[in-house]
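# Remarks on the overall topology
So the chains spell out like this:
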Amino acid sequence: MKFKLKIWRQDSAKSKGGMKRYEIDQVSENTSFLEMLDILNEQLVNSGEEPVAFDSDCREGICGTCSLTINGEAHGPSHPAAACQLYMRQFKDGETITVEPFRVRSFPIVKDLVIDRSALDRIVQAGGFVSARTGSAPEANSTPIPKHNADLAMEAAACIGCGACAAACPNASAMLFTSAKISHLAFLPQGQAERSRRVLGMVRQMDVEGFGNCTNTYECEAVCPAEISASFIAKMNREYAVASLRERMGE
Amino acid sequence: MIVAVTGVILILFVIGHLLGNLQIFLGPAWINGYAEHLRDLGPLLWVIRAFLLVDVVAHIYYTVRLAIENRRARPTSYRRKDTVKATFASRHMVMSGLIVLAFIIFHLLQFSFRTTDPRFAILPADPLGHYDVYTMMVLGFSSPLVSGFYILALFLLALHLSHGSSSFFQSLGLNNKNLTPRLAQGGRIFAWLLFVGYSSIPVAVLLGWVTLRTHS
Amino acid sequence: MIGSLESRIPDGPLAEKWRKHQNNSRLVAPNNRRRFEIIIVGTGLAGGSAAATLGEQGYNVKSFCYQDSARRAHSIAAQGGINAAKNYPNDGDSVYRLFYDTIKGGDFRSREANVYRLAEVSNLIIDQCVAQGVPFAREYGGLLANRSFGGAQVSRTFYARGQTGQQLLLGAYQALSRQVAAGTVKMFPQTEMLDLVLVDGHAKGIITRNLITGEIVRHAADAVVLATGGYGNVFYLSTNARGCNVTATYRAYKKGALFANPCYTQIHPTCIPVSGQHQSKLTLMSESLRNDGRVWVPKKKNDHRAPNEIPEGERDYYLERKYPSFGNLAPRDISSRSAKEVCDEGRGVGETGRGVYLDFKEAIARLGENTIRERYGNLFDIYGKITGDNAYEKPMRIYPAVHYTMGGLWVDYNLMSNIPGLHVLGEANFSDHGANRLGASALMQGLADGYFVLPYTLPNYLAGQIGKRPAPDHPEFLRAESEVRGRIQHLLDLDGARSVDSFHRELGLLLWDKCGMARNAAGLQEAIERIPQLREEFWSPNGGVSVLGKGETFNQSLERAGRVADFLEFGELMCRDALARDESCGGHFREEHQTAEGEALRDDDNFADVFAWEYQGNGKPNEPILHQEPLHFESVQLATRSYK
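None of the values given here were measured: they were computed from a predicted structure.

### Some points on the overall build of chain B
Scanning chain B from N- to C-terminus turns up 9 helices and 0 strands. Each helix and strand of chain B, ordered N terminal to C terminal, gives the series α-α-α-α-α-α-α-α-α. Structurally, chain B occupies a C-alpha span of about 65 × 40 × 35 Å along its principal axes. Buried residues in chain B amount to 42% of all 216 residues. Put simply, of all contacts in chain B between residues at least 6 apart along the chain, 76% involve residues at least 24 apart. Here chain B displays about 12000 Å² of accessible surface, and carbon together with sulfur accounts for 72% of that area. Taking the average place of the 17 positive charges on the side chains of chain B and the average place of its 8 negative ones, the gap between the two points comes to 19 Å.

In structure tokens, the structure reads:
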């Protein structure tokens, strides 16, 4: 297969970037999208041009490292999937493919297609955990959890932290990411003690980081590789409303 | 959240307003009587008006503030941006909202302050001595230009509400995985029912189904 | 050699060793802990859990990872589950059985005491993870669910869908995040360790490169902990993440740490077969699939019929045939080798002939498609995305792939290497899995080391080290820094023509061929001759590797070049170890040593030892020195593994 590529090149965080055109030929349809970029890079190296910087690690859709906007969609046209799970057979021969980074102010560009997502780490640090001192845990089966709740918690916990939700959101909001962690822990008895503290801390940190606001377009859940449901955002809104009311009441 | 709460109030107003207006189909006596009832509320009417005004201002103020924040959250825009699930309505809430605002101003000038048409100020009272709202509406809507603008604005309002009316459930956290699709569907049906209801009046006038009635 | 090969296994009965050791280890008082700086490299299950726990105890921890977030360490990709001897299903499990299965699974090439301790703390891990909110699968009654896994006849595996590693890692990551917020752990993401610094023979710091800015930094500490994972990527194609590398442990080896059993690599039987030349990685299909899937190939050679057209009578369910009692759940090394055997016979399936079927037809008929979807839905989806095939309708094609490395830096019972102060956890050390690891045991070991072993054994070292932390401008640090800078400059100065990946691919193919699922002396010798040539080519001033860009910026080619340069040295060490181990055991299959039925033939008289290699330099005149630590078996009898 043959493709025309338009790829965002940017030297560093401070420099100005722009789209650059490339062409690539003789790509097998079983090549993954990232492997196609590997091939392009090998060609660039051979011709003395610096390869396109892009992030990836596990290449099986679980580590959440890859962060490409392909043809205007976070992680490309095949949902639900991370960019690393995208195969060239999903494109038309001869197609022009646009590749850009995730564009969110809170994810500054490091180089080309590589971004800095430490904002997401800071949101978790603001309360996305259960304070359980190592070694102090009670016997695992001492707290039964209804299967239904455990399953719901797992659905929320499946988030891979890639940030596609914010990248796809017209407002660059990270509500889906944040709500997934809040919901995961709110569904479980272990998460109850810090429930209010957690939602207040994480939501406020999200605002501090400069993410946008949710206007319920549900673009986030449409591109989410882990199929996190936007209903968790509703849950977070509920949790937040209750927690902030309680806080105001001095409880 | 403020946007959602103020939005809900406006939705309630829109429903009430429609129910009032539809009385035009029952004849001048009904609607003029209804208008008179409203006026009889006296100071309470002004309280309601003031409340609605504050509500509208708050709804707009906070929305614009959020919109500015949202714009700041993505300083460099995508060279190519496709959407997967977001509806046209959901992506253009500010635009549809602002056009509806312009419409509301015109609407108030036309029917409340009656500054757009000199005839409205000098309308004779109806046989029961009420201000003749019926005639005013018929006169107002018999201009295709005015009616056209109304229908366009109502279309945008419906678009705005097709997203907004279900969206507030989400923002207020009154939603879950099962409810979301139903609410979204319900919201769309609700919005387009409103559209049909409201636009039925200018359409009826234009088509001559509702006509001026000479006072006997 | 620095230090000694003393395993420091406490005496006394097996079941009491760990408790006794805990009671006899030295402690650091809470008010003294904040005076210590601990460097932990790697934020996977082992490193992340260790950093969280030590930070919580009051130490000052610096945590490093090359990924952009601690949450992306490759532990996240583990699918199947984590073992523990809870015996919830009441099917006869116990700490002893878990211990025995692990020792036996490792083909009697691991230390009894370490493995027993692992089985002992396995239950604590489940308790800890549940308390953190890890959403393990549950029964309708609300209690934890278990499933069975390869190499065991009991159901002792806890799981969270097919994403157990992810959930356990996120548990550790969240615990770590809590400590970062509390200020006890300082995170250094996108930072790669490029050298270990020894002061007076003790590990006292590291040299790192900030991958974003290219800045080289000296970090001094009271102890260094490496939890940097395995070296499976030496084969280029593996199930590891692209960034996984041997650099941290290899640099430590070059500074005097012993590298143990590097030839023990695990080839996982159920991966998606290789499809093309530019493939960058192989994808694992969890072994749990073998609970319900049946493995088969056609009985006839070169049978190109579609799988559903081959009648029952013409199929060879070779695992069920050869190993009736374990069947499709035979351990990984055995299953992998059997797949290779049938493919070598020309009975492999798929375009390349390197594949076997994993068939769910019978399970779907028995349990219904919904049950199968519930159990393995995400795996079937992954398979569908990669191959374009629907595994509900036709059998999956699978083939073995490099997955895990049992070898690693040599450590004693305290998880300390021969270099005092240098501790090694998880896949990076060699200690618990012998010559083959059982499924669902890697997660167990990583978390055991980080949550429940190191926090007890590290103080034993630290207690004698108060006030001995050198300043980061100590001459040893300056020397190490200048070496690191020199090496980076050297790479950048090469004006080569070949990409880093092309060298890596060539090395990988060579190793897969000569030091993969089956090895023999002639092939290994060939590889030992070929690798130095490849290395020379890589470093040759013209025609060698091409590294564009600058050192002081984000430069992925430079990162990879450094890692591949280390693989080019390490691969040779691996082959030397495989050559020296003139027996077959577990994942190390020497064709010269097999039974009449083609099973691995151990030589316990001569090779019941750990091989620990000491660096002397590269190439002929400076071959590494082999040290041997004899393995003593007091509680189990060395038996020929039988899964028949």
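### Concerning the overall build of chain C
Scanning chain C from N- to C-terminus turns up 17 helices and 20 strands. Taking the principal axes of the C-alpha coordinates as reference, chain C spans close to 75 × 60 × 50 Å. Buried positions account for 68% of the 644 residues belonging to chain C. When the accessible surface of chain C is totalled, it reaches about 21000 Å², and 47% of it is carbon and sulfur. Across chain C, the mean location of the 74 positive side-chain charges is 4 Å away from that of the 76 negative side-chain charges.

### Let's talk about the packing of helix H6 (residues 164–182) of chain C against helix H12 (residues 442–462) of chain C
All names here are of chain C. Between H6 and H12, whose axes approach to 11 Å, the crossing angle comes to 10°. When the interaxial angle is binned, H6 and H12 end up roughly parallel. On H12, the residues touching Thr-164, Gly-165, Leu-168, Gly-171 and Ala-172 of H6 are Leu-443, Leu-447 and Tyr-451. Looking at side-chain class alone, the contact of H6 with H12 contains 5 nonpolar, 3 polar and no charged residues.

### What to know about a nonpolar patch on the surface
Side chains of Leu38(B), Leu41(B), Leu44(B), Val47(B) and Ile48(B) sit close together on the surface and give an oily, nonpolar patch of about 390 Å² of accessible area. Of note, Leu44(B) is situated in helix H3 (residues 43–72).

### Here's the deal with the packing of aromatic side chains
Under the criterion given, the structure shown has 44 aromatic pairs over all chains. Seen from their ring centres, Phe33(A) and Phe91(A) are 5.7 Å apart, and the 35° between their planes marks the pair as tilted. Within this pair, whereas Phe33(A) is found in helix H1 (residues 33–46), its partner Phe91(A) is found in the loop between strand S4 (73–74) and strand S5 (96–101), the two being separated by 58 residues in sequence. When sorted by exposure, Phe33(A) lands in the same class as Phe91(A), which is buried. When the ring of Trp296(C) is compared with that of Tyr357(C), the centres are 4.7 Å apart and the planes differ by 40°; the resulting orientation is tilted. Placement of Trp296(C) in strand S13 (residues 294–298) and of Tyr357(C) in strand S15 (residues 356–359) is noted, with a sequence separation of 61 residues between them. By relative accessible area, Trp296(C) is classed as buried at 0%. Here the aromatic residues Phe103(B), Phe106(B), Phe111(B), Phe120(B), Phe141(B), Phe149(B) and Tyr150(B) are joined through ring pairs into a cluster of three or more. Its end group placed over the ring of Tyr78(B), Lys81(B) keeps NZ or CZ at 5.5 Å from the ring centre.

### Some words on helix H3 (residues 45–57) of chain C
Along an α-helix, a turn takes 3.6 residues, which lines up residues three or four apart on a common side. All names here are of chain C. Its 13 residues place the ends of H3 18 Å apart at the C-alpha level, agreeing with the 18 Å of an ideal helix rising 1.5 Å per residue. Looking at H3, one finds that the buried residues are Leu-45, Ala-46, Gly-47, Gly-48, Ser-49, Ala-50, Ala-51, Ala-52, Thr-53, Leu-54, Gly-55 and Glu-56. Buried residues along H3 sit in contact with strand S1 (37–41), strand S2 (60–64), H6, strand S6 (185–188) and H12. Among the residues trailing H3, Gly-58 stands out with phi positive, at a value near 110°.

### Things to note about the confidence of the model for chain B
Taken residue by residue, chain B gives an average pLDDT of 90. The fraction at 70 or more is 99%. The spread of mean pLDDT over the elements of chain B runs between helix H6 (residues 118–121) of chain B, the lowest at 82, and H3(B), the highest at 94.

### Topic: the pattern of salt bridges
Scanning the entire structure with this criterion turns up 75 salt bridges over all chains. Between Glu60(A) and Lys281(C) there is a salt bridge; the shortest N-O distance is 2.5 Å. One end of the pair, Glu60(A), is in the loop between H1 and strand S3 (68–70); the other, Lys281(C), is in the loop between strand S12 (265–271) and S13, on a second chain. Take Glu60(A) and Lys281(C): they sit in the same class, and that class is buried. Between Lys17(C) and Glu634(C) there is a salt bridge; the shortest N-O distance is 3.8 Å. Highlighted residues: Lys17(C) in helix H1 (residues 17–24) and Glu634(C) in the segment after strand S20 (625–630), separated in sequence by 617 residues. Since its relative accessible area comes to 60%, Glu634(C) is described here as exposed. Each of Asp107(C), Arg109(C), Arg581(C), Glu583(C), Arg602(C) and Asp604(C) takes part in one network of salt bridges that share partners.

### Here we look at the sheet that holds S13(C)
In a beta sheet, neighbouring strands pair by backbone hydrogen bonds and run either parallel or antiparallel. Residues and elements named next belong to chain C. On the basis of which strands lie adjacent, the open sheet formed by 5 strands has the order S12-S16-S15-S13-S14 and antiparallel pairing. Two strands in the sheet have a free side with no partner beyond their single neighbour: S12 and strand S14 (315–316). Bridge analysis of S12 against strand S16 (residues 396–405) gives 5 bridges, and the strand direction is antiparallel. When the sheet's bridge partners are listed, Cys-271 is paired in S16 with Tyr-399.

### As for the sheet that holds S20(C)
Residue and element names in this part refer to chain C. With antiparallel pairing, 4 strands are arranged side by side in an open sheet as S17-S11-S19-S20. Two strands close off the open sheet at either side, each with one partner strand: strand S17 (408–409) and S20. Relative to S20, strand S19 (residues 609–614) runs antiparallel, the two being bridged by 6 bridges. Considered in S20, the bridge of Phe-611 is made with Gln-628. The strands touched by helix H16 (residues 556–580) are strand S11 (259–260) and S19; relative to S19, the strand with the most contacts, the crossing angle is about 145°.

### A closer look at the interface of chain B and chain A
Taken together, the contacts link 31 residues of chain B with 42 residues of chain A. Both sides of the chain B and chain A interface together cover about 3000 Å² of buried area, and 49% of this is carbon and sulfur. Linking chain B with chain A are 2 salt bridges. Elements supplying a minimum of two residues to the side of chain B that touches chain A: H3, helix H4 (88–91) and helix H8 (144–171) of chain B. When the residues that make up the side of chain B that touches chain A are grouped by side-chain class, the tally is 8 nonpolar, 13 polar and 10 charged.

### Points about the pairing of S2(C)
Strand residues, when the strand is regular, have side chains that alternate between the two faces of the sheet. All names here are of chain C. Burial of S2 is extensive: 4 of the 5 residues sit out of reach of the surface. As paired elements, S1 and S2 share 5 bridges and run parallel to each other. Bridge pairing in S2 places Glu-37 opposite Asn-60. Taking the sense of rotation as the criterion, the β-α-β connection linking S1, H3 and S2 turns out right-handed.

Criteria and cut-off values
Residues numbered from 1 in each chain as written. Chains lettered and ligands numbered in written order. Predicted model: local features only at pLDDT ≥ 70, side-chain atom pairs only at ≥ 80, totals over all residues. Heavy atoms only, no water. Helix = DSSP H or I, 4+ residues; strand = E, 2+ residues; numbered from the N terminus. Buried < 20%, exposed > 50% of the residue type's maximum accessible area, 1.4 Å probe, protein only. Contact = heavy atoms within 4.5 Å. Areas by Shrake-Rupley, 256 points an atom, 1.4 Å probe, with all protein chains shown as cover. Lys, Arg positive; Asp, Glu negative; His and termini not counted. Charge placed at Lys NZ, Arg CZ, Asp CG, Glu CD. Axes fitted to C-alpha atoms, helices over the stretch in contact; angles between N-to-C directions. Parallel < 35°, antiparallel > 145°, perpendicular 65-115°, else oblique. Nonpolar A, V, L, I, M, F, W, Y, C, P; charged D, E, K, R; others polar. Patch = residues over 30% accessible without salt bridge, like charges linked within 9 Å, V, L, I, M, F, W, Y side chains within 5 Å. Salt bridge = Lys/Arg side-chain N within 4 Å of Asp/Glu carboxyl O. Phe/Tyr/Trp six-rings, centres within 6.5 Å; stacked < 30°, edge-to-face > 60°. Lys NZ or Arg CZ within 6 Å of the ring centre and 35° of its normal. Expected span 1.5 Å × (residues − 1). pLDDT = per-residue confidence, 0-100. Pairing = 2+ DSSP bridges. Buried area = accessible area lost by both parts, 1.4 Å probe. Right-handed = clockwise from strand over helix to strand, strands pointing away.

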